[in-house]
Amino acid sequence: MKLSRPALVALVALLSAVLAACSSGPPVPDWKMNAQSSVERFQAAYLSGNALVEQTEFRRARSQVAGTGKLDLVARIELLRCATRVASLAFEDCAGFDALQADATAADRAYAAWLAGKAQAADVTLLPEAQRAAAGASSDAAAASAVAAIADPLSQLVAAGVLLRASRATPELLDTAVATASDQGWRRPLLAWLGVQRLRAEQAGDAQAAQRIARRMAVVEQPLAP
């Protein structure tokens, strides 16, 4: 029985080695269960825009994995956090992973390069399966189609974010990302992707479309009811 939810596996397979366990095997150590729960909570909190909970749960997940002394697994936790940010168009240096990259696996280093928009042809085969088609696409249109075909919502937004970072985002790609973030109710990435759409509408001189998107963003930005 897999302990990690499909979104984590499809996203980067970052915790598959950590969280996978068979129900007929030995008892699962507490740190694995605790790490899984905290990863899911910090991921959900970030996507919903709750920074305080995200920080708390990330520290808890990292602490649980750090207790094993396995540097490659700590690096994967850091990489998962960076991937979630890319999905929300927060293009920051992945400093936590960079500090541990000497102890990371080749696949993790390839994934970090992909997230940074610096992946080379040799990195494509090392990427998580969900990202390979988009990474290896020969045209922007083909890349957009590859992203649309990704089943896991977060994996889809990660690939879309990388393509935008590399200036390869087509209008179709933006439509896909907005629809996915909207369907999931993920405020942070939805606002980010709508912001890109609004900017492009303004640049194209389409004031009506820009105003419509702005109205939509205003609704998403409204604080939650107490």
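Preceding this paragraph is the structure being described.
Residues numbered from 1 in each chain as written. Predicted model: local features only at pLDDT ≥ 70, side-chain atom pairs only at ≥ 80, totals over all residues. Heavy atoms only, no water.

Asker: Mind laying out the overall build of the chain, listing which residues take part and the relevant values?
Answerer: A count of helical and extended segments in the chain gives 13 helices and 0 strands. Along its sequence from the N terminus, the chain presents helices and strands in the succession α-α-α-α-α-α-α-α-α-α-α-α-α. For the chain, with 226 residues in total, the buried portion stands at 45%. Summarising the internal contacts of the chain: among those between residues at least 6 apart in sequence, 59% fall at separations of at least 24. Accessible surface computed for the chain: about 11,000 Å², of which carbon and sulfur atoms make up 53%. (Helix = DSSP H or I, 4+ residues; strand = E, 2+ residues; numbered from the N terminus. Buried < 20%, exposed > 50% of the residue type's maximum accessible area, 1.4 Å probe, protein only. Contact = heavy atoms within 4.5 Å. Areas by Shrake-Rupley, 256 points an atom, 1.4 Å probe, with all protein chains shown as cover.)

Asker: Residue-level account of the packing of aromatic side chains, with values.
Answerer: Going through the model one piece at a time under the given rule, you end up with 1 aromatic pair. Seen from their ring centres, Phe-42 and Phe-58 are 5.4 Å apart, and the 85° between their planes marks the pair as edge-to-face. Of the two residues, Phe-42 is situated in helix α3 (residues 30-48) and Phe-58 in helix α4 (residues 51-66); the sequence distance between them amounts to 16 residues. As far as the burial class goes, Phe-42 and Phe-58 line up, both buried. If you follow Arg-81 out to its NZ or CZ, it ends over the ring of Phe-58, 3.9 Å from the centre. Taking the ring centre of Tyr-46 as reference, the NZ or CZ of Arg-188 above it sits at 4.0 Å. (Phe/Tyr/Trp six-rings, centres within 6.5 Å; stacked < 30°, edge-to-face > 60°. Lys NZ or Arg CZ within 6 Å of the ring centre and 35° of its normal.)

Asker: Give a description of the packing of helix α12 (residues 187-203) against helix α13 (residues 207-221) that names residues and reports values.
Answerer: Two elements in contact, α12 and α13, have axes whose closest approach is 9 Å; the angle formed by their N-to-C orientations is 165°. As summarised for this structure, α12 and α13 are arranged roughly antiparallel, according to the angle between their axes. Along this stretch, α12 crosses α13, giving a crossing that reads as left-handed. Where α12 approaches α13, its residues Arg-187, Leu-190, Leu-191, Leu-194, Gly-195, Gln-197, Arg-198, Ala-201 and Glu-202 are matched on the opposing element by Ala-209, Ala-210, Ile-213, Ala-214, Arg-216, Met-217, Val-220 and Glu-221. (Axes fitted to C-alpha atoms, helices over the stretch in contact; angles between N-to-C directions. Parallel < 35°, antiparallel > 145°, perpendicular 65-115°, else oblique. Left-handed = near helix turned anticlockwise from the far one by under 90°.)

Asker: For the state of the cysteines, give the residues involved together with the corresponding values.
Answerer: The tally for this structure, following the rule as stated, stands at 1 disulfide. Covalently, Cys-82 is tied to Cys-94 through a disulfide, its sulfur atoms 2.0 Å apart. Across the S-S bond linking Cys-82 and Cys-94, the dihedral sits near 100°, which makes this disulfide right-handed. On the criterion of sequence distance, the pair formed by Cys-82 in helix α5 (residues 71-87) and Cys-94 in the loop between α5 and α6 (95-98) is long-range, its members being 12 residues apart. Classification of Cys-94 by relative accessible area gives buried; the value is 13%. (Disulfide = S-S within 2.5 Å.)

Asker: I'd love a proper account of the nonpolar core, names of residues and values included.
Answerer: Ranked by internal contacts, the top residues of the largest apolar core, which has 59 residues, are Tyr-111, Leu-115 and Trp-193. Here this core gets 10 residues from one element, more than from any other, and that element is α5. Setting aside chain neighbours within four positions, we find Trp-193 in contact with Ala-87, Leu-89, Leu-157, Ala-160, Gly-161, Leu-164, Leu-174, Ala-177 and Val-178. (Core = buried A, V, L, I, M, F, W, Y, C linked by side-chain atoms within 4.5 Å.)

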